[in-house]
Amino acid sequence: MTQTADQPPADLDGSALRELAAAELMAARDRTTLLTSSVDEADLVKQHSPLMSPLVWDLAHIANQEELWLLRGVGGRDPIHPEIDPLYDAFEHPRAERPSLPLLTPAEARRYGSEVRGRVLDLIERARFPDPGPGGFGARRDDAALTAAGFAFGMVAQHEVQHDETMLATHQLRSGPASLSAPRPGPAPADAAALPAEVHVPGGPFTMGTSAEPWALDNERPAHPVDVPGFWLDTTPVTNAAYAAFIADGGYDDPRLWTEDGWAHRQRAELTAPLFWSWEGAWTRLSFGLREPLVPDEPVLHVCWYEADAYARWAGRRLPSEAEWEKAARWDPASGRSRRYPWGDQEWTPERANLGQRHLRPAPAGSYPDGAAPCGARQLVGDVWEWTSSDFLPYPGFAAWPYKEYSEVFFGSAYKVLRGGAFGVSPVACRGTFRNWDYPVRRQIFAGFRTARSAAEPAAVAV
């Protein structure tokens, strides 16, 4: 019989859970420290874009959420600074108004974060992490599970690295000299030029979402069967060179390629190229304070959903649905089940995907053959977030947990789903079921895309 249920990772006992929680929290803090120590105090308190918070707000918000969920929620401790809770409530204060709040200074925010983290590490040592019991690590979803499966610790680690990614986007938006550095990815592997333009994903059912992934968030749950007709998917994300061809062919000037809302936005925002591109006799791109020639074989970055959709129409194709994307990334026809990652159930390694801010850019298209999905598609995890055609909606049987503000308040047609994770995403917050979402006009995020076509549709002529 074909096995279609998603599979949990190997069970972890209480001691291993304790070590995992501490390690992920410490790794997240190392990255937070890098992002906030590489600029001076003036940069920390400045709002570099109305779309983003001052870096110092993120710094204290991370500590405040850690105190709320771990020290108060799990540990039952008294508040350290209850008077600042409203200042760092993301729903109470939109980003545009945060610079006007009486925020903690950088020194105060660092002291607060250090105090919270010290108490959290003590809590981890003292907290009881019972063995998972029936269903495995992460199967329970109740108040006791916040400690029993280490979920609260995993949730807080994911929360911090998600803000690290947001702070990385702020670094990209800030003006002035470069403040971050990292080695460039290696060249594309030798076989990249010979890869087919697209891969085929056969039709049929697969298990979408998860009920077993330990630290999966509520919008990833529950696992449920989805029947996806056969389709073709780009082997790699769309590259800068391919996107430049779309521009050269008048893609931004042809309303037939754009949705009605997309064309209105293109005109209103005066879009003519991806964010950070500039024409100087040839295309250049601003990357973390450095203006450089555009790298043709890198996946395109900083395009909004409307731009991605228009490109797909120009290419005679379309954006994949969220279900198509996940089936391509997870479904293993040999076993008939859904994997945790495109490469299998094993944890991430640097050979499998470009994650964790190891580089400050995507790797060339066709990289990471060790991370390829069974269908042959590469870079489905890492490098760039990938826009899909789908609205952000709950799965059948969705239950908000542990709080409705994480996902439920965002469901609807206003947001489009992105999948896969970019180079700035930490491995703890990236898996085959992870869902990201944003407004279709957003371009400051590290987003690109790949295109698809239905199996019955003819292939477009190569451009």
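The paragraphs below set out a description of the structure included in this document. Predicted, not measured: the structure shown is a model, and the values here were computed from it.

What counts as what
Residues numbered from 1 in each chain as written. Predicted model: local features only at pLDDT ≥ 70, side-chain atom pairs only at ≥ 80, totals over all residues. Heavy atoms only, no water. Helix = DSSP H or I, 4+ residues; strand = E, 2+ residues; numbered from the N terminus. Rg over C-alpha atoms; globule rule 2.2 N^0.38 Å. Contact = heavy atoms within 4.5 Å. Areas by Shrake-Rupley, 256 points an atom, 1.4 Å probe, with all protein chains shown as cover. Lys, Arg positive; Asp, Glu negative; His and termini not counted. Charge placed at Lys NZ, Arg CZ, Asp CG, Glu CD. 1 Å grid on protein atoms, 1.4 Å probe; cavity = no way out; pocket = protein on both sides within 12 Å on 5 of 7 lines; lining within 4 Å. Points joined across faces, edges and corners; volume = space filled by probe spheres on them. Nonpolar A, V, L, I, M, F, W, Y, C, P; charged D, E, K, R; others polar. Core = buried A, V, L, I, M, F, W, Y, C linked by side-chain atoms within 4.5 Å. Buried < 20%, exposed > 50% of the residue type's maximum accessible area, 1.4 Å probe, protein only. Expected span 1.5 Å × (residues − 1). Arc of directions from axis to C-beta. Salt bridge = Lys/Arg side-chain N within 4 Å of Asp/Glu carboxyl O. Phe/Tyr/Trp six-rings, centres within 6.5 Å; stacked < 30°, edge-to-face > 60°. Pairing = 2+ DSSP bridges. Axes fitted to C-alpha atoms, helices over the stretch in contact; angles between N-to-C directions. Polar contact = N/O pair within 3.5 Å; in protein donor to acceptor, adjacent residues only side chain to side chain.

## Re the overall build of the chain
Each helix and strand counted, the chain has 10 helices and 14 strands in total. Relative to the 2.2 N^0.38 estimate, which gives 23 Å for 463 residues, the radius of gyration of the chain is 22 Å and therefore close to what a compact globule would have. Judged by the C-alpha coordinates and their principal axes, the chain covers about 65 × 60 × 40 Å. Taking as baseline every contact in the chain between residues at least 6 positions apart, the subset at least 24 positions apart corresponds to 78%. With the model as given, the accessible surface of the chain reaches about 18,400 Å², and the carbon-plus-sulfur share is 55%. One way to put it: in the chain the 45 positive side-chain charges average out to a point 1 Å from where the 62 negative ones average out.

## Remarks on empty space enclosed by the protein
Applying the stated criterion across every chain yields a total of two cavities of 30 Å³ or more. Volume-wise, the second largest cavity comes out at about 50 Å³. Secondary-structure elements contributing two or more residues to the lining of the second largest cavity are α3 (55–74) and α6 (151–173). Top element by residues in the lining of the second largest cavity is α6. It accounts for three residues. Its residues placed into classes, the lining of the second largest cavity shows four nonpolar, two polar and no charged.

## Section: the nonpolar core
Most often, soluble globular proteins keep nonpolar side chains buried together rather than apart. Counting residues in hydrophobic clusters, the biggest one holds 99 residues, and the most contacted among them are Tyr-243, Phe-246, Trp-277, Trp-387 and Phe-449. Elements represented by at least two residues in this core include exactly α1 (14–37), α3, α4 (106–126), α6, α7 (240–248), α9 (305–314), β10 (385–392) and β11 (412–419). With 10 residues, α6 is the single largest residue contributor to this core. Judged by nonpolar contacts, the second largest core, of 19 residues, contains Val-199, Ala-328, Ala-377 and Ala-452.

## Let's talk about α4
Along an α-helix, residues three or four positions apart point the same way, because every turn accommodates 3.6 residues. Taking 1.5 Å of rise per residue, the 21 residues of α4 would be expected to cover 30 Å, and the 30 Å separating its terminal C-alpha atoms lies within 8% of that figure. Looking only at α4, the buried set comprises Pro-106, Ala-109, Tyr-112, Gly-113, Val-116, Arg-117, Val-120, Leu-123 and Ile-124. An end-on view of α4 places all buried positions within 130° of arc, on one side of the element. Exposed and facing more than 90 degrees away from the buried side of α4 are Arg-111, Glu-125 and Arg-126. Against α1, α2 (41–45), α3 and α6 lie the buried residues of α4.

## Details of α1
Taking 1.5 Å per residue as the helical rise, α1 with its 24 residues ought to reach 34 Å, and the 34 Å between its terminal C-alpha atoms agrees with that figure. Along α1, the positions that sit buried rather than exposed are Gly-14, Leu-17, Arg-18, Ala-21, Leu-25, Ala-28, Arg-29, Arg-31, Thr-32, Leu-35 and Thr-36.

## So, the pattern of salt bridges
Summed over all chains, the structure comprises 35 salt bridges. Of the charged contacts in the structure, one is a salt bridge between Glu-307 and Arg-443, with a shortest N-O distance of 2.9 Å. Placement of Glu-307 in helix α9 and of Arg-443 in the loop between β12 (436–438) and β13 (447–448) is noted, with a sequence separation of 136 residues between them. The two residues Glu-307 and Arg-443 agree in class, both being buried. Among the ionic pairs, Asp-309 bridges to Arg-313, the shortest N-O distance being 2.8 Å. Taken together, the residues Asp-309 and Arg-313, both in helix α9 and four residues apart, mark about one turn of the helix. Relative accessible area serves as the criterion here: at 40%, Arg-313 is assigned to the partly exposed category. A network of salt bridges, in which partner residues are shared, links Arg-184, Arg-285, Glu-292, Glu-298 and Arg-361.

## As for the packing of aromatic side chains
Within the structure shown, the criterion is met by 31 aromatic pairs. Between Tyr-311 and Phe-449, the aromatic rings sit 5.3 Å apart at their centres with planes inclined by 65°, giving edge-to-face as the arrangement. Pair noted here: Tyr-311 is in helix α9 and Phe-449 is in the loop between β13 and β14 (452–454), with a separation of 138 residues, a long-range link. Each member of the pair, Tyr-311 as well as Phe-449, carries the same accessibility label: buried. For the pair Phe-392 and Trp-437, a centre-to-centre distance of 4.2 Å together with 5° between the ring planes defines the contact as stacked.

## So, the sheet that holds strand β7 (residues 290–293)
Judged by pairing direction, the sheet is antiparallel, and its three strands sit side by side in the order β5-β6-β7 without closing on themselves. Both edges of this open sheet fall to β5 (277–279) and β7, since each of them pairs with a single strand only. Averaged over all neighbouring strand pairs, the angle between strand axes comes to 30°, with direction disregarded. Relative to β7, strand β6 (residues 283–287) runs antiparallel, the two sharing four bridges. Looking at β7, one finds that Leu-286 is bridged to Arg-291.

## Describing the side chain of His-171
With respect to the secondary-structure elements, His-171 resides in helix α6. At a separation of 3.1 Å, a polar atom in the side chain of His-171 contacts the side chain of Ser-179. Aside from chain neighbours lying at most four places away, what touches His-171 is Leu-35, Ser-38, Val-39, Leu-55, Ser-179, Leu-180 and Phe-288.

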